[in-house]
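Structural overview for review
Here's the letter readout for the chains.
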Amino acid sequence: MYIFSDRLYKKDEIHLDDNKKQIIFTTLDNEEILEWLCKHRFPESFIEDITNEDQSVTFEENEQFKLAILKYFQQDPEDELLFHSENVVIILTEKKFIFLAKEKKLIKTITNRLYRRYKTTDSLEYIMYSVIDIMVDHTMGIIDMIDDRLEEIEDRIFDESLDEQEVQKQLYFARRTLNRIGKLSVQHNDIVNKIINHFPINVRKRLRYEFIDLKEHLSFLINESKTYLDRTGYLQTLLMGFLSNRMNQAMQRLAAISLIFLPLTFIVGNYGMNFKHMPELDWKYGYLLVWALNLGIAYLIFKWLKKKRWI
């Protein structure tokens with residue numbers, strides 16, 4: 001469990017003081033937090049939303065609590081272009097800001113980034129904005145990384161040592177990630193609008209520019225994810241065209257080789273016939289003549305094919 005006051009503290013147990021402003025980061029299975037919420041009449045429907053791993057992005061509010069469930073993207077260990085979304089829970093009361101997530105690594109990442117910009121005078125509403133902004137900035141970093149990888153993939157498509165299966169897999173994972181980012185960014189944008197509208201007027205005025213900036217970042221994610229999604233489609237088309245062209249070149253070479261041996265096969269077939277009277281069979285230099293004829297024909301066809309750039 002982490003708590004902010006004059007600085008960042010990490011403790012196994014923290015006493016929750018109802019009369020004291022506290023900023024808490026901990027895991028979803030923290031029984032102390034759940035007991036405190038139930039004790040303070042945290043709605044049962046809210047508890048169900050928190051504990052449900054399949055819960056979609058949402059914002060709920062009653063007289064005492066504001067509850068926001070958002071998604072945080074985490075990289076798949078098997079591929080750098082594949083990201084999964086994990087639920088994060090933000091609970092805001094008059095004197096408490098509570099951040100809940102399933103994985104400790106995620107919590108540590110958020111707290112470390114928040115600590116760099118944290119001031120003891122920050123209001124809880126500003127802390128809420130800061131945490132959401134950190135999550136959005138993280139997603140923007142993913143978009144930038146995908147942009148770099150797509151440029152690398154575009155260069156690799158024209159490389160002779162291209163591994164088409166690996167490139168196709170990376171494009172597929174990139175499309176899945178971009179599709180999720182675009183979809184969830186739209187939902188996050190709606191949640192941010194709800195959060196702003198449910199703040200008191202004085203808070204809205206004080207944090208107006210911060211949330212305008214946050215919404216601009218979300219709009220950037222929505223637009224960029226669509227742009228890069230189209231780009232992955234273009235790269236898939238380019239890859240298929242390149243592979244098709246390479247296959248056509250291979251077939252062209254095979255056709256050229258066949259064309260060289262076709263007349264030779266015709267000549268050999270003629271002299272393979274078992275007729276009794278074949279005058280060439282009695283020639284002293286017949287064998288060498290046929291070899292010379294075959295080589296000459298093969299050379300002429302080879303030069304013609306090279307001129308046509310078939311080989």
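To start, this report covers the structure provided alongside it. (Residues numbered from 1 in each chain as written. Predicted model: local features only at pLDDT ≥ 70, side-chain atom pairs only at ≥ 80, totals over all residues. Heavy atoms only, no water.)

Section: empty space enclosed by the protein
The final tally for this structure, using the stated rule, is one cavity of 30 Å³ or more. When its volume is computed, the largest cavity comes out at roughly 80 Å³. Around the largest cavity sit Leu70, Lys71, Ile132, Met135, Val136, Thr139, Ser185, His188, Val192, Leu218 and Leu221, which together line it. Of all the secondary structure elements, the ones that give two or more residues to the lining of the largest cavity are strand 5 (66-75), helix 4 (124-156), helix 5 (164-197) and helix 7 (208-270). Ranked by residues supplied to the lining of the largest cavity, first place goes to helix 4 with four residues. Broken down by class, the residue content of the lining of the largest cavity amounts to seven nonpolar, three polar and one charged. (1 Å grid on protein atoms, 1.4 Å probe; cavity = no way out; pocket = protein on both sides within 12 Å on 5 of 7 lines; lining within 4 Å. Points joined across faces, edges and corners; volume = space filled by probe spheres on them. Helix = DSSP H or I, 4+ residues; strand = E, 2+ residues; numbered from the N terminus. Nonpolar A, V, L, I, M, F, W, Y, C, P; charged D, E, K, R; others polar.)

As for a nonpolar patch on the surface
On the surface, Met247, Met251, Leu254, Ile257 and Phe261 cluster together into a nonpolar patch covering about 520 Å² of accessible area. Note on placement: phenylalanine 261 falls in helix 7. (Patch = residues over 30% accessible without salt bridge, like charges linked within 9 Å, V, L, I, M, F, W, Y side chains within 5 Å. Areas by Shrake-Rupley, 256 points an atom, 1.4 Å probe, with all protein chains shown as cover. Salt bridge = Lys/Arg side-chain N within 4 Å of Asp/Glu carboxyl O.)

Some points on the nonpolar core
Membership of the largest hydrophobic core comes to 66 residues, with the highest contact counts inside it found for Phe25, Phe97, Phe99 and Val131. Per-element tally for this core: the top contributor is helix 4, with 16 residues. Within the second largest apolar cluster, 18 residues are counted, among which are Ile3, Ile47, Val89 and Ile98. (Core = buried A, V, L, I, M, F, W, Y, C linked by side-chain atoms within 4.5 Å. Buried < 20%, exposed > 50% of the residue type's maximum accessible area, 1.4 Å probe, protein only.)

Section: the layout of surface pockets
Over the atoms rolls a probe the size of a water molecule, and in doing so it shows where empty space is left. If you add up the space inside the largest pocket, you get close to 350 Å³. In terms of lining residues, the largest pocket is bounded by 16 residues, among which Gln64, Leu92, Thr93, Glu94 and Lys95 are the most central. Here the lining of the largest pocket is composed, by residue class, of five nonpolar, four polar and seven charged.

By themselves, these are just geometric observations and shouldn't be taken as functional.
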